[in-house]
Amino acid sequence: MLVTGKEILDHAHKNGYAVGAFNFVNMEMLQAILSAAEEEKAPVFVQTSEGALSYAGVGMLSAMVHQLASEVSVPVALHLDHGGSFETAVKCIRNGWSSVMIDGSHHPLEGNIEVSRRVVDVAHASGVSVEAELGRLGGIEDNICVDEKDAMYTNPAEAKQFVTESGVDYLAIAIGTAHGKYKGVPKLDFDRLSTIKQDLNMPLVLHGASGVDEESIKKAVSLGINKINIDTELRCAYTDRLRAYLAEDTEVYDLRKYIGPSREDVKAKVIEKIRLFGSNGKA
Ligand code: G3H
Ligand code: 13P
Ligand code: ZN
């Protein structure tokens, strides 16, 4: 059943667990995620980047999610991931997304507040929830110095001002994760997370969670992370199985034979993450 992101995350925030937010670009990925969530009785976010919107089309993605979400009993939020502009956010709001992220994190604070506030005004008038980001993720390597951290990571005082003035429903924070495959071992700034959670007392989002060790994820959840974004590990699960299948069977040309196993592996990975985040049985 399709619900707003806020409905899912308010419950996670009050009850101290995190919900998986999984990126998808095609039918098989979406089926894998929703089938895993249904089996685990877990609320879930399915999310589309701007790249996914142009790859598959806004109408196609919306129709697929509305259809498949109506076939499961667990709460599902259709979320725009890293919306780069007011216009993209509005396009998704008009096309049935129930949650949008406006990523103004590359702007100075005032600009980020301004674009986020504009999206909040339109989204809330349509009953759609909003995520924004403060601080910068990115190619974070092992030995980042304290001054660099302070410049990149979310500043707790700014975070308070940001949510008060923008009115967003949940906030993505930068505490040491990066998108894609890590070169070093990510080390999260848990003190910063604790401070932000205490000051804001609202749902918080962790991006770039693929490749972060299980203990760090559990600790981040215990300290107040409520939405965890996973893309890279699902892409790898899909692609690794596809490569292995095609290497073993060089004659196959029926798509269903070689995509089906990838779908199974993505589902298994989603189940693993749902259990790690503690959202199993929460629907
Ligand atoms: O945060 C970024 C997501 O992994 C989406 O990546 O823009 O390649 O679809 P993408
Ligand atoms: P990963 O690809 O590192 O899992 O990051 C996902 C993400 O943050 C999507 O917004
Ligand atoms: Zn992200």
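The coordinates are above.
Structure report, in brief. This structure is a prediction, so every number in the text was calculated from the model and none was measured.

**Description of the packing of helix 5 (residues 86-94) against helix 6 (residues 109-125)**
Relative orientation of the contacting elements helix 5 and helix 6 amounts to 15°, with a least axis distance of 10 Å. By the angle between their directions, the pair helix 5 and helix 6 is classed as roughly parallel. For helix 5 against helix 6, the interelement crossing comes out right-handed. Together, Phe86, Ala89, Val90 and Ile93 of helix 5 and Val115, Arg118, Val119, Val122 and Ala123 of helix 6 make up the contact between the two elements. The class makeup of the residues in the contact of helix 5 with helix 6 is eight nonpolar, no polar and one charged.

**A word on the sheet that holds strand 4 (residues 99-102)**
Read around the closed barrel, the eight strands follow the order 1-2-3-4-5-6-7-8; overall the barrel is parallel. Here the average twist between neighbouring strands, direction ignored, is 25°. Packed onto the sheet, helix 4 (residues 58-70) meets strand 2 (44-48) and strand 3 (76-83) and runs at close to 155° relative to strand 3.

**Some thoughts on the side chain of Glu233**
Turning to its location among the elements, Glu233 is positioned in helix 11 (residues 232-248). When sequence neighbours within four positions are dropped, the list of residues in contact with Glu233 reads Ala209, Ser210, Gly211, Lys269 and Lys273.

Rules used throughout
- Residues numbered from 1 in each chain as written.
- Chains lettered and ligands numbered in written order.
- Predicted model: local features only at pLDDT ≥ 70, side-chain atom pairs only at ≥ 80, totals over all residues.
- Heavy atoms only, no water.
- Axes fitted to C-alpha atoms, helices over the stretch in contact; angles between N-to-C directions.
- Helix = DSSP H or I, 4+ residues; strand = E, 2+ residues; numbered from the N terminus.
- Parallel < 35°, antiparallel > 145°, perpendicular 65-115°, else oblique.
- Left-handed = near helix turned anticlockwise from the far one by under 90°.
- Contact = heavy atoms within 4.5 Å.
- Nonpolar A, V, L, I, M, F, W, Y, C, P; charged D, E, K, R; others polar.
- Pairing = 2+ DSSP bridges.

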